[in-house]
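# Coordinate analysis (summary)
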Amino acid sequence: MRDLLSVSASATQSYKRALNAVQTNISNLNTEGYSRQKVSITSTGESHTTLTRAHDSFAEGALRSANSSLEFEQPATDYARRLLNLVGSESGSLTTAFDQFFSSAKQLAANPSSASSRQDFLSNAGYLTARVNAVASELQEISADNNAEVEYRINQLNGFSSQLAVVNEELADFSGANVPPALLDKRDLVLMKMSGLAKIDVTISEKGLASVSLASPNGSVALVRNTESKTLSVSPVTGKKNMQQIKYIGGAGVSADLTTVTGGSIGGLLSAKSSIIDPLVSKLNSMTQTLATRLNEQHAQGMSSLGVVGANMFSLGSDTNYAENFTLALTSSDQIAAAGRLKIAPGASNSENLRATLSYGENASWGGTVEGSFTITFSSPTAYSVTTGGVTTNYTGFNVNNGIVIGDVKVNFDRVPAASDTFAVTSNTNGIGDNSNITRISEISEESIFESKKLRDFYINEIGKVSSFNNLSKMSAEAKQAVYDNAMTAKDKISGVNLDEEAADLIRLQQAYMATAKAMQTASDIFQQLLRIGI
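The numbering scheme is per chain: residues are counted from 1 as the chain's sequence reads. Per-residue local features of the predicted model are confined to residues with pLDDT of at least 70, and side-chain atom pairs are confined, for both listing and counting, to 80 or more; whole-chain, interface and lining totals are unaffected and use all residues. Side-chain calculation: all heavy atoms of the structure are included, whereas hydrogens and water are not.

## Topic: the overall build of the protein chain
From N to C terminus, the protein chain includes 10 helices and 21 strands. To sort residues, take the accessible area from a 1.4 Å probe on protein chains only and compare it with the maximum for the residue type: under 20% means buried, over 50% means exposed, and anything in between is partly exposed. Burial status across the protein chain gives 41% buried among its 535 residues. Sequence-distant contacts in the protein chain: of pairs separated by 6 or more residues, those separated by 24 or more amount to 70%. The method behind every accessible area is Shrake-Rupley, applied with a 1.4 Å probe, and residues are considered shielded solely by the protein chains displayed. Roughly 25,900 Å² of accessible area belongs to the protein chain as shown, and the carbon and sulfur atoms make up 51% of that amount. A run of DSSP states H or I qualifies as a helix once it reaches four residues; a run of E qualifies as a strand once it reaches two. Both are numbered from the N-terminal end. By the convention used here, residues are in contact when the closest approach between their heavy atoms is within 4.5 Å.

Here it is, written out as structure tokens:
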């Protein structure tokens, strides 16, 4: 009877533990990282129980990899969307500022003596600088936000590394077969969180201790080795605005620069920075530098109504952040060099319908002064003379395609002059009523000087790059979401809690528990009866 009683009692306790496991499973249905627990009951005269968790290391590793890949895509779509909202929207785009500036230049060219047209051109030049400054400032703000998020995620990764080292210490106190399932779940949850921040390589020891290193190309960067953890840090790059470097803090405080971090949200943030944010900042700066340099070059060739030549229209500041430093150098409409610094007048008896124009910029060492007056007289279609200050010099070999260059000035002809045709070039005093320079300024928008593209086309092309990146990121995120969902489903089939299964187990175990309890009660009653009759 005593054997029957002890066997029944042992079985009752075993089924009670199994029932507790089922109840624990049901109560943790929605607990993150929880793996279904199960109790194995063996009997060799007495019942013995072993508490284990439903787990598959391959499914867990596949889910970590899918999680790292999925989290990589989110920053790309987030920052691409912010950039598109900035540079691609009607309110934020620079195309309106470009169009207004060059349109007002054309209007001034049509009426160079108009005070209102001059003021309108000056206002639109100021609006252009203000819009470029605003876009540049917001780009730098986006870049700074990216840096701050990288630092935050790095600190999170450091925190998880420390947590894992503590979990490893706890795991080291158990033998491999007696580790509490909850502790293993805690280890795997920390690993999953780490994989969401960066792609990691994980190795598990016989005792269940996890060692973690960053995936290629940083395989030598060990974040956790048994019970010891290392950290990453972020530091600014000297002399480069909103640029930072990730460092690995190894043994004895020795640090090493990391070229990049792959996978996870940290990798995604770094990829977004290097793929779209930094290139867009660089392109905006180079576009602004090219535009300002070309406009200044052309403006300096003209003359203002104050008789000033060689003045810049814009300033770019002293560092390479050209777009942020882009300012209007003109403070008055009188300073606009709309006119050419010289004017050309054909002789009264010249051939009809012959047009001559002036252009500048032929002499890189031009000193910013107005050239002296001179007269060109043709003796034949290929020979001419130039008279300056009473001194005449004869030339031969005239080619209408090359024109005539005198110092910094070039005289252009729309057809070959005839013998005896003359042209008098004199100072364009006060530059009023002449539109030659502002006309050339208005034509800069059609020059293919922005990486062999026109200004508007160049800007729209850069917006297109961001848009394409955004679309590709969305498609990639959708594909990786499907991979992640499949990996999660595969893991849940093994480790997830199924209420239908738990309910069936609950009924079965309750019945078994009640049966063993009844057997134990029966054995006790028989034993008591035997005692009464003295057997």
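What follows continues from the structure just given.
## A look at the packing of aromatic side chains
Any two of the Phe, Tyr and Trp rings considered here, Trp counted by its six-membered ring, make a pair once their centres fall within 6.5 Å; the pair's planes then place it as stacked at under 30 degrees, edge-to-face at over 60, or tilted in between. Following the criterion strictly, the structure yields 14 aromatic pairs and no others. Geometrically, the ring pair formed by Tyr 384 and Phe 398 is edge-to-face, given 6.0 Å between the ring centres and 80° between the ring planes. Here Phe 398 lies in the loop between β18 (391–396) and β19 (404–406) and Tyr 384 lies in strand β17 (residues 383–388), a separation of 14 residues in the sequence. Phe 398 carries the same exposure label as Tyr 384, and that label is buried. Both rings, one in Phe 450 and one in Phe 458, keep their centres 6.3 Å apart while their planes meet at 35°; by these two values the pair is tilted. Residue class for Phe 450 comes out buried when judged on its relative accessible area of 3%. Members of the aromatic cluster, joined through ring pairs, are Phe 378, Tyr 384, Tyr 395, Phe 398, Phe 413 and Phe 423. Looking at Arg 341, its charged tip hangs above the ring of Trp 366, at a distance of 3.8 Å from the centre. A positively charged side chain is recorded as over a ring if its NZ (Lys) or CZ (Arg) lies within 6 Å of the ring centre. The angle to the ring normal must also be within 35 degrees.

## Looking at the sheet that holds strand β20 (residues 409–413)
By this definition, two strands are paired if DSSP reports at least two bridges between them. With respect to topology, three strands assemble into an open sheet ordered β15-β20-β19, the strand pairing being antiparallel. The open sheet terminates on both sides in strands that have one partner only, identified here as β15 (356–360) and β19. Between one strand and the next, the sheet's axes are offset by a mean angle of 25°, whatever the strand orientation. The sheet contact formed by β19 and β20 spans three bridges and is antiparallel. Paired with Ile 406 across the bridge in β20 is Val 409. Lines fitted to the C-alpha atoms define the axes, with helices restricted to the stretch that makes contact. Angles between their N-to-C directions range from 0 to 180 degrees.

## Quick word on the packing of helix α2 (residues 57–87) against helix α4 (residues 115–171)
Contact geometry of α2 with α4 gives a least axis separation of 10 Å together with a crossing angle of 170°. What the angle tells us is that α2 and α4 run roughly antiparallel. Residue-level contacts link Tyr 79, Arg 82, Leu 83, Leu 86 and Val 87 of α2 to Val 135, Glu 138, Leu 139, Ile 142, Asp 145, Asn 146 and Glu 149 of α4. The nonpolar class holds Ala, Val, Leu, Ile, Met, Phe, Trp, Tyr, Cys and Pro. Asp, Glu, Lys and Arg form the charged class, and all remaining residues, Gly among them, are polar. Of the residues belonging to the contact of α2 with α4, the class tally is seven nonpolar, one polar and four charged. Between 65 and 115 degrees an angle is taken as roughly perpendicular, under 35 as roughly parallel, over 145 as roughly antiparallel, and anywhere else as oblique.

## Topic: the confidence of the model for the protein chain
In the predicted model, the protein chain carries a mean pLDDT of 87, and the fraction of residues at 70 or more is 86%. Note on scores: pLDDT gives the predictor's confidence for each residue, bounded by 0 and 100. Per-element mean pLDDT across the protein chain ranges from 63 in strand β2 (residues 47–53) up to 97 in strand β12 (residues 327–328).

## Section: the pairing of β15
Counting buried positions over the five residues of β15 gives four, a clear majority of the element. Note: β15 against β20, five bridges, orientation antiparallel. If you follow Ala 356 over to β20, its bridge partner there is Phe 413.

## Focus: the pattern of salt bridges
By salt bridge we mean one thing: a side-chain nitrogen of Lys or Arg within 4 Å of a carboxyl oxygen of Asp or Glu. Evaluation of the coordinates by the stated rule reveals 19 salt bridges. Between Asp 99 and Arg 456 there is a salt bridge, with the nearest N and O atoms lying 3.0 Å from each other. In this pair, Asp 99 is assigned in helix α3 (residues 95–110) and Arg 456 in helix α9 (residues 455–495), connecting sequence segments 357 residues apart. Given the relative accessible area of 34%, Asp 99 is considered partly exposed. With a shortest N-O distance of 3.2 Å, Lys 465 and Glu 462 are connected by a salt bridge. Of this pair, Lys 465 and Glu 462 both sit in helix α9, separated by three residues, roughly a single helical turn. Taking the relative accessible area as the measure of exposure, Lys 465 reaches 44% and is therefore partly exposed.

## A word on the side chain of Lys 410
Locating Lys 410 in the fold gives a position in strand β20. Within this scheme the basic residues Lys and Arg register as positive and the acidic residues Asp and Glu register as negative, but His and the chain ends are omitted. Although Lys 410 lies buried, it forms no salt bridge, and the closest oppositely charged side chain, Glu 362, sits 5.1 Å away as judged by the N-O distance. Not counting chain neighbours up to four residues away, the residues in contact with Lys 410 comprise Thr 357, Leu 358, Ser 359, Glu 362, Asn 402, Gly 403, Ile 404 and Val 405.

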